[in-house]
Amino acid sequence: STSWNNNQIEYPQGKAEITGLLVEVARGKETGWHSHSVPSFAYMLEGVLEVRLQDGSTKRIKAGEALAEVINTWHNGRNIGNTPVKIIVFYTGISGAAISAKAPASIGDKEKK
């Protein structure tokens, strides 16, 4: 009923559309700051991913673990392991709507300071 940062999961209104993706993050690389406007659920196949929120809180996800991703929250995933990250993500969106948005540069700039 909640995402990993304890926010309530609410499904969008409209014609349902489920999207499944295999996301890969190379060793030492990042996803880039982004957010999802719809609930998404992930299962880690390989590697270790550290996800950081704007408020500085983090979550480490390892192979074999699953979680409900954060919603409407800027976050960045970083591969902190020695192998590529492979994670399957299912987005519960609505037809014609974006499942994620790239953060403005100012979000990532704050992290570098």
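Throughout, a residue's number is its position along its own chain's written sequence, starting from 1. Selection of residues for local features in this predicted model requires a pLDDT of at least 70, selection of side-chain atom pairs for listing and counting requires 80 or more, and totals for whole chains, interfaces and linings are taken over all residues. Side-chain descriptors were evaluated using all non-hydrogen atoms of the structure, hydrogens and water having been removed beforehand.

Student: So what exactly am I meant to see when it comes to the side chain of Thr 92 here?
Tutor: Elements are defined by DSSP. Helices are runs of H or I of four residues or more, strands are runs of E of two residues or more, and each kind is numbered from the N terminus. Structurally, the position occupied by Thr 92 is in strand β8 (residues 85–94). Think of it in three bands: with a 1.4 Å probe and only protein chains considered, a residue is buried below 20% of the maximum accessible area for its type, exposed above 50%, and partly exposed in between. Accessibility expressed as a relative area gives 13% for Thr 92, which makes it buried. Apart from the residues lying within four places of it in its own chain, the contact partners of Thr 92 are Tyr 11, Pro 12, Glu 17, Ile 18, Val 38, Pro 39 and Phe 41. Whether two residues touch is decided by their heavy atoms; if any such pair falls within 4.5 Å, the residues are in contact.

Student: Would you explain the pairing of β8 in this entry?
Tutor: For a regular strand, side-chain orientation follows a simple rule: the groups alternate between the two sheet faces. With ten bridges joining them, strand β1 (residues 16–25) and β8 adopt antiparallel strand pairing. Paired with Glu 24 across the bridge in β8 is Lys 86. Where strand β3 (residues 40–46) meets β8, six bridges bridge the pair, whose relative direction is antiparallel. Looking across to β8, one finds that Ser 40 is bridged to Tyr 91. Should DSSP find at least two bridges between two strands, the strands are regarded as paired.

Student: Any chance you could explain the sheet that holds β1 here in plain terms?
Tutor: Within a sheet, adjacent strands bond to each other through the backbone by hydrogen bonds, running parallel or antiparallel. As summarised here, the arrangement of the four strands in space is β1-β8-β3-β6, forming an open sheet in which the pairing is antiparallel. Both edges of this open sheet fall to β1 and β6 (66–68), since each of them pairs with a single strand only. Neighbouring strand axes in the sheet, compared pairwise and without regard to direction, differ in orientation by 20° on average. The angle between two axes is taken between their N-to-C directions and runs from 0 to 180 degrees, where each axis is a line fitted to C-alpha atoms and a helix contributes only its stretch in contact.

Student: Explain the nonpolar core to me, please; I cannot follow it from the model alone.
Tutor: The nonpolar side chains of soluble globular proteins are, as a tendency, buried together. Put simply, a nonpolar core is a bunch of buried Ala, Val, Leu, Ile, Met, Phe, Trp, Tyr and Cys residues held in one set by side-chain atoms that sit within 4.5 Å of each other. In this structure, Trp 4, Met 44, Val 85 and Ile 87 are the most contacted members of the largest nonpolar core, which totals 16 residues. Elements with a contribution of two residues or more to this core: β3, β4 (48–53) and β8. Looking at this core, the element that brings in the most residues is β8, giving four residues. Setting aside anything within four residues of it in sequence, one finds Trp 4 in contact with Val 51, Leu 53, Thr 58, Lys 59, Leu 67, Ala 68, Glu 69 and Val 70.

Student: It is not clear to me how the pairing of β3 should be interpreted in this structure. Could you clarify?
Tutor: With three bridges connecting them, β3 and β6 associate as antiparallel partners. Among the inter-strand pairings, Tyr 43 is bridged to a residue of β6, identified as Ala 66.

Student: What is the right way to read unusual backbone geometry from this model?
Tutor: A negative phi holds for most residues other than glycine; trans holds for most peptide bonds. At Asn 6, a position not held by glycine, the phi torsion is positive, near 70°. Relative to the helices and strands, Asn 6 resides in the segment before β1. With phi around 50°, Asn 72 is a residue other than glycine that occupies positive phi space. In this structure, Asn 72 sits in the loop between β6 and β7 (75–79).

Student: What is the right way to look at the pattern of salt bridges in this model?
Tutor: Working definition: two side chains of opposite charge can pair if their charged atoms are close together. Any Lys or Arg side-chain nitrogen located within 4 Å of an Asp or Glu carboxyl oxygen qualifies as a salt bridge. Within the structure shown, the criterion is met by four salt bridges. Glu 50 is the partner of Arg 52 in a salt bridge, and the nearest nitrogen-oxygen pair spans 3.9 Å. Across the pair Arg 78 and Glu 50 runs a salt bridge, and its minimum N-O distance is 2.9 Å. On the criterion of sequence distance, the pair formed by Arg 78 in strand β7 and Glu 50 in strand β4 is long-range, its members being 28 residues apart. By sharing partners, the salt bridges in this structure join Glu 50, Arg 52, Arg 60 and Arg 78 into a single network.

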